[in-house]
Amino acid sequence: MLGEREVAATSAPTPEQDAYWRAGAIADFVTPFDPAAACGHVFDELVDDETRVAVPVIGQDGRVLGLVERHKLILQFAKRFVRELFEKRPITFMMDRSPPVVDAWTPVERLSDHVANARANDQLGDLVVTRDGQYLGVASALSLLKRLHELSDRRLVEATEARAEAERANLAKSELLANMSHELRTPLNAIIGFSEVMRDELFGQLGNPRYRDYAGDINYSGGLLLDLINDILDLSKAEAGRLELVDEVVDLEECARVGTRLMRERAARARVALDHRSLARVPPLRADRRRLQQIVLNLLSNAIKFTPPGGSVVAFTTRAPNGGARLIVEDTGIGIAAEDIPRVLQPFGQASIVSQPQREGTGLGLPIVVKLARAHGGDMKLISTPGFGTTVMVDLPPHRLVA
Ligand SMILES: Nc1ncnc2c1ncn2[C@@H]1O[C@H](COP(=O)(O)OP(=O)(O)O)[C@@H](O)[C@H]1O
Ligand SMILES: [Mg+2]
């Protein structure tokens, strides 16, 4: 109890710590009886004073000895011989010797068990409240119930507000990201466009060949930055649930073909064989063409990047066991250690530097593929054996097939 009091005294009061939500705040001082008071005297007093519903019996030292409940005592006195037997005896004979006693700093919510455990034909008892073991007052069951009700109302309001606040913050985040990427893309397009003009010397020669190289570097870096911004935008949209698909009829095999064509140069530079193959005819799909193409390109670029020279990458298209469409990108590359797999599926997650020293990229490709596949009602799976290669499967659900 001492520890609790210290917490309440030193930190700013929150609803939980505030004295208002503690037993002490619902305790009313009820003039107690002396243990020597005669039962007959107590009875007479209680008959006259109906406001004293529960009256504690307190010793000289201020300790709680027991509790007398008005209606119980009156009922007992109504029984035969009770009055004659007990009238002159001290009240300690008729009091409840183990009433519920709680410290003033007990949070009211901790007393909810007291309410919850009350049995139907039991009196919902009042509580004796003490401070440092000294009698302070009586908390009636009704005042406890009222305070608990108030607390739950307040919690509800707080939870609703917290939720609204979180939603506002999330919206603000996606709006910020959307605006930011728009603001960044505009100047970036100038950088990319003009550096290309300079690199290619469209308006005449640059004085020094180094300038041409620099212009090429600026152009290349600008392109990387644009990719990154687009990826961040995609991911934040998907996380805010605002990834809008533009559905049209798409041929998955065509997507694989276009993807391998766009990646051919990169594969050649990496001296990796690149091909696409159809294992089973896939009917046209209702899907977002640009997004499907993005899935193919992200997976192919990973496969090429993580496959050493002499290896091969193949994009397969086929049907999934559930009747949907399946894209498989398989490589004979370095693979991913089992313990790294959960990480590489997370935004910005990459395999450990020990297992994969090549570190270009930002770790957004796979999570974007997962989000895009799920946005279509499908999913992505990754199987990998370090040293042998990686297989990534993207399934699209049967209802996306156009009969
Ligand atoms: N085909 C693959 N073979 C081996 N490792 C892969 C492959 N695809 C992805 N990875 C691992 O997963 C990580 C995350 O991939 P990705 O999200 O595309 O990000 P990035 O390519 O920018 O690193 C990569 O850094 C790599 O460690
Ligand atoms: Mg990648």
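These lines cover the structure that appears in this document, whether it is placed above or below.

1. Some remarks on the overall build of the protein chain
Part 1 of the argument: Check the secondary structure of the protein chain and you find eleven helices and 13 strands.
Part 2 of the argument: Whereas a compact globule of 403 residues would reach a radius of gyration of roughly 22 Å, the protein chain reaches 38 Å, over 25% beyond that.
Part 3 of the argument: Summarising its shape, the C-alpha atoms of the protein chain cover approximately 120 × 55 × 40 Å along the three principal directions.
Part 4 of the argument: Across the 403 residues that make up the protein chain, the buried fraction comes to 40%.
Part 5 of the argument: Put simply, of all contacts in the protein chain between residues at least 6 apart along the chain, 68% involve residues at least 24 apart.
Part 6 of the argument: Element-wise, carbon and sulfur atoms account for 56% of the exposed surface of the protein chain, whose accessible area totals about 22,800 Å².
Part 7 of the argument: Where the 49 positive side-chain charges of the protein chain centre and where its 55 negative ones centre are 5 Å apart.

2. Regarding the sheet that holds strand β6 (residues 134–139)
Part 1 of the argument: Taking strand neighbours across the sheet as the criterion, the four strands line up as β1-β6-β5-β4 in an open arrangement whose pairing is mixed. Of all the strands in the sheet, just β1 (27–28) and β4 (101–103) have a single pairing partner and so form its edges.
Part 2 of the argument: Note that strand β5 (residues 127–131) and β6 share five bridges and pair antiparallel. Among the inter-strand pairings, V128 is bridged to a residue of β6, identified as V138.

3. Side note on the sheet that holds strand β8 (residues 273–278)
Part 1 of the argument: One open sheet accounts for five strands, arranged β8-β10-β11-β13-β12; its pairing is mixed. Two strands in the sheet have a free side with no partner beyond their single neighbour: β8 and β12 (379–385). Each neighbouring strand pair of the sheet contributes to a mean axis angle of 15°, computed without reference to strand direction.
Part 2 of the argument: Relative to strand β10 (residues 312–319), β8 is paired through six bridges, and the arrangement is parallel. For S278, the partnering residue across the bridge sits in β10 and is T317.
Part 3 of the argument: Along the sheet, helix α9 (residues 289–305) makes contact with β8, β10, β11 (325–331) and β13 (389–396), crossing β11 at roughly 20°.
Part 4 of the argument: Sheet contacts for helix α11 (residues 365–375): β12 and β13; angle to β12, the most-contacted strand, approximately 140°.

4. Digging into the side chain of D395
Part 1 of the argument: Structurally, D395 is set in strand β13.
Part 2 of the argument: The exposure class of D395 is buried, given its relative accessible area of 17%.
Part 3 of the argument: Aside from chain neighbours lying at most four places away, what touches D395 is A320, A325, R326, G378 and D379.

5. Things to note about the packing of aromatic side chains
Part 1 of the argument: Within the structure shown, the criterion is met by three aromatic pairs.
Part 2 of the argument: With centroids separated by 5.6 Å and ring planes inclined at 45°, the aromatic side chains of F29 and Y135 adopt a geometry described as tilted. Within this pair, whereas F29 is found in the loop between β1 and α2 (39–48), its partner Y135 is found in strand β6, the two being separated by 106 residues in sequence.
Part 3 of the argument: Looking at Y135, the relative accessible area reads 12%, which means it is buried.
Part 4 of the argument: Where F43 meets F77, the ring centres are 4.3 Å apart and the plane angle is 5°; that geometry is what we call stacked. Of this pair, F43 sits in helix α2 while F77 sits in helix α3 (residues 70–78), and the two are 34 residues apart along the sequence.
Part 5 of the argument: Under the relative-accessibility criterion, F43 is labelled buried at 13%.
Part 6 of the argument: The side chain of R89 reaches across the aromatic face of F93, ending 5.2 Å from its centre.
Part 7 of the argument: Here R147 stacks its cationic end above the ring of Y20, 3.8 Å away from the centre of that ring.

6. A closer look at the nonpolar core
Nonpolar side chains tend to gather and get buried jointly when the protein is soluble and globular.
Part 1 of the argument: Counting residues in each nonpolar core, the largest one holds 42 residues, and the members touching the most others are L292 and L299.
Part 2 of the argument: No other element matches α9, which puts seven residues into this core.
Part 3 of the argument: The residues contacting L292, other than those within four sequence positions of it, are V250, L252, C255, L285, A287 and L396.
Part 4 of the argument: Core analysis: the second largest hydrophobic core is formed by 22 residues, C39, F43, V55 and V128 among them.

7. A word on helix α6 (residues 141–199)
Part 1 of the argument: For α6, with 59 residues, the first-to-last C-alpha span of 84 Å sits near the 87 Å given by 1.5 Å per residue.
Part 2 of the argument: Taken together, the buried positions of α6 are occupied by A141, L144, R147, L148, L151, S174, L177, S181, L188, I192 and S195.
Part 3 of the argument: In this structure, the buried residues of α6 make contact with α5 (112–116), β5, β6 and α7 (209–239).
Part 4 of the argument: The positive-phi residue at the C-terminal boundary of α6 is E201, with phi of around 50°.

8. Digging into the packing of α7 against α11
Part 1 of the argument: Where α7 contacts α11, the two axes come as close as 10 Å, and the packing angle between them is 40°. Looking at the two axes, α7 sits oblique to α11. The way α7 lies across α11 gives a crossing that is left-handed. Taking contact as the criterion, the partners of D231, D234, L235, A238 and E239 in α7 are, on α11, P367, I368 and K371.
Part 2 of the argument: Residues belonging to the contact of α7 with α11 are distributed by class as follows: four nonpolar, no polar and four charged.

Scoring rules and cut-offs
Residues numbered from 1 in each chain as written. Chains lettered and ligands numbered in written order. Predicted model: local features only at pLDDT ≥ 70, side-chain atom pairs only at ≥ 80, totals over all residues. Heavy atoms only, no water. Helix = DSSP H or I, 4+ residues; strand = E, 2+ residues; numbered from the N terminus. Rg over C-alpha atoms; globule rule 2.2 N^0.38 Å. Buried < 20%, exposed > 50% of the residue type's maximum accessible area, 1.4 Å probe, protein only. Contact = heavy atoms within 4.5 Å. Areas by Shrake-Rupley, 256 points an atom, 1.4 Å probe, with all protein chains shown as cover. Lys, Arg positive; Asp, Glu negative; His and termini not counted. Charge placed at Lys NZ, Arg CZ, Asp CG, Glu CD. Pairing = 2+ DSSP bridges. Axes fitted to C-alpha atoms, helices over the stretch in contact; angles between N-to-C directions. Phe/Tyr/Trp six-rings, centres within 6.5 Å; stacked < 30°, edge-to-face > 60°. Lys NZ or Arg CZ within 6 Å of the ring centre and 35° of its normal. Core = buried A, V, L, I, M, F, W, Y, C linked by side-chain atoms within 4.5 Å. Expected span 1.5 Å × (residues − 1). Parallel < 35°, antiparallel > 145°, perpendicular 65-115°, else oblique. Left-handed = near helix turned anticlockwise from the far one by under 90°. Nonpolar A, V, L, I, M, F, W, Y, C, P; charged D, E, K, R; others polar.

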